[in-house]
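Single-letter residue listing:
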Amino acid sequence: MLVHPEIAALRGNGPGQRRVQARMTAASCAWRAVPQVETIARALDAYGAGAPLENCRALAQALCDIGHSRALILPWIAETTVALREEPLGEVPHRYRVAPGLTSIQLMQSGRATLSLLAYERPVAAPSDPETALFQDRETHEIVLSGAARGTSHTMTETGRIVTCDHRWKAGDRIRCPDYRHARQVVAAEEAMLLLQLTRLPDCPGPTREY
């Protein structure tokens, strides 16, 4: 196995590892100390404890108004990129998941609520329309920060029928799935699409269902 010399050097350098970790942690703390971010974090605490979103004003604004969304995200990008320029081998201190075409980073979590950043990449090959829909027992609010994508939304009626609508989401658009009867799918990003996503699980989540 080939290992880059800088990575190999860092493996055996305890002080160097602690320096890198400290720099990345400092960047995250600097972002959390931004007044707008502190206010949203407090609102997330209330929302995660069960408060209605409309009662969590700062959080609701971040999911409704792209200006407020960017006031949350741009300082995070600035602090993180500066830290990574100084420490290229640093690891961003957030949970993240990478899959083909989609990267998600968990920015904050409190109680049953999670605030995440999602990036959908433009597909290399022409995508095919999905044949199934996945319904999760959670409340989801999203706002498109940049880019555009084609997708679908699904609503399950009381009779069990699924109604599907086509969409083209772009910067400023909001997407809402209030409960287990609603779902959405991004079919293809026309240009890399960035989403701010807020989710909250119920006290006793039901099973995820695929139809």
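Residues numbered from 1 in each chain as written. Predicted model: local features only at pLDDT ≥ 70, side-chain atom pairs only at ≥ 80, totals over all residues. Heavy atoms only, no water.

Student: I would appreciate a short explanation of helix H5 (residues 66-86) in the present structure.
Tutor: An α-helical segment advances 3.6 residues per turn. Residues three or four places apart therefore align on the same side. For H5, which comprises 21 residues, the first-to-last C-alpha distance of 30 Å matches the rise-based estimate of 30 Å (1.5 Å per residue) to within 8%. Those residues of H5 lying buried are Ser69, Leu72, Ile73, Trp76, Thr80 and Ala83. The opening residue of H5 is Asp65, an N-cap whose side-chain oxygen sits 2.9 Å from the backbone nitrogen of Gly67. (Helix = DSSP H or I, 4+ residues; strand = E, 2+ residues; numbered from the N terminus. Expected span 1.5 Å × (residues − 1). Buried < 20%, exposed > 50% of the residue type's maximum accessible area, 1.4 Å probe, protein only. Polar contact = N/O pair within 3.5 Å; in protein donor to acceptor, adjacent residues only side chain to side chain.)

Student: Hey, could you run me through the environment of Asp173 in this one?
Tutor: Mapping Asp173 onto the fold places it in the loop between strand E6 (162-170) and strand E7 (174-177). A sequence separation of 108 residues divides Asp173 from Asp65, and the C-alpha atoms of the two residues are 9.2 Å apart. A distance of 2.9 Å separates a polar atom in the side chain of Asp173 from the backbone nitrogen of Lys170.

Student: How should I be thinking about the confidence of the model for the protein in this particular structure?
Tutor: Looking at the protein as a whole, its pLDDT mean stands at 91, while 92% of the residues score no less than 70. Ranking the elements of the protein by mean pLDDT puts helix H1 (residues 5-11) last, at 67, and strand E3 (residues 113-120) first, at 97. (pLDDT = per-residue confidence, 0-100.)

Student: In this structure, what is going on with the packing of aromatic side chains? I would like to understand it.
Tutor: For any two aromatic rings, the description comes down to two numbers: the centre-to-centre distance and the angle of the planes. Per the stated rule, a full pass over the model turns up one aromatic pair. Centroid distance Phe135 to Tyr211: 5.9 Å. Interplanar angle 75 degrees. Geometry classified as edge-to-face. Taken together, the positions of Phe135 in strand E4 (residues 134-135) and Tyr211 in the segment after strand E9 (209-210) put the pair 76 residues apart, joining distant regions of the chain. Take Tyr211: its relative accessible area is 44%, and that puts it in the partly exposed class. The aromatic ring of Tyr180 is capped on one face by Arg181, whose charged end is 5.7 Å from the ring centroid. In this arrangement the basic side chain of Arg200 is found over the ring face of Tyr47, its NZ or CZ atom lying 3.9 Å from the centre. (Phe/Tyr/Trp six-rings, centres within 6.5 Å; stacked < 30°, edge-to-face > 60°. Lys NZ or Arg CZ within 6 Å of the ring centre and 35° of its normal.)

Student: Please clarify how the pattern of salt bridges should be interpreted in this entry.
Tutor: Oppositely charged side chains may form a pair once their charged atoms are brought near each other. In this structure the tally under the stated criterion is eight salt bridges. Linking Glu87 and Arg19 is a salt bridge whose minimum nitrogen-to-oxygen distance equals 2.8 Å. One end of the pair, Glu87, is in the loop between H5 and strand E1 (96-99); the other, Arg19, is in helix H2 (residues 14-32), with 68 residues separating them in the sequence. Where Arg112 meets Asp203, a salt bridge forms, and the shortest distance between an N and an O atom there is 3.2 Å. Of this pair, Arg112 sits in the loop between strand E2 (102-110) and E3 while Asp203 sits in the loop between strand E8 (182-200) and E9, placing them 91 residues apart in sequence. On the accessibility criterion, Asp203 (66% relative accessible area) is exposed. (Salt bridge = Lys/Arg side-chain N within 4 Å of Asp/Glu carboxyl O.)

Student: Even after reading the chapter, I still don't get the packing of helix H4 (residues 57-64) against H5, so can you show me in this structure?
Tutor: Working note: a packed helix pair is described by the angle between its axes plus the distance between those axes. Here H4 crosses H5 at 105 degrees, and the two axes come no closer than 5 Å. By the criterion of interaxial angle, the relationship of H4 to H5 is roughly perpendicular. In this structure, H4 contributes Gln61, Ala62, Leu63 and Cys64 to the contact, and H5 contributes Ile66, His68 and Ser69. The residue inventory of the contact of H4 with H5, partitioned by class, reads four nonpolar, three polar and no charged. (Axes fitted to C-alpha atoms, helices over the stretch in contact; angles between N-to-C directions. Parallel < 35°, antiparallel > 145°, perpendicular 65-115°, else oblique. Contact = heavy atoms within 4.5 Å. Nonpolar A, V, L, I, M, F, W, Y, C, P; charged D, E, K, R; others polar.)

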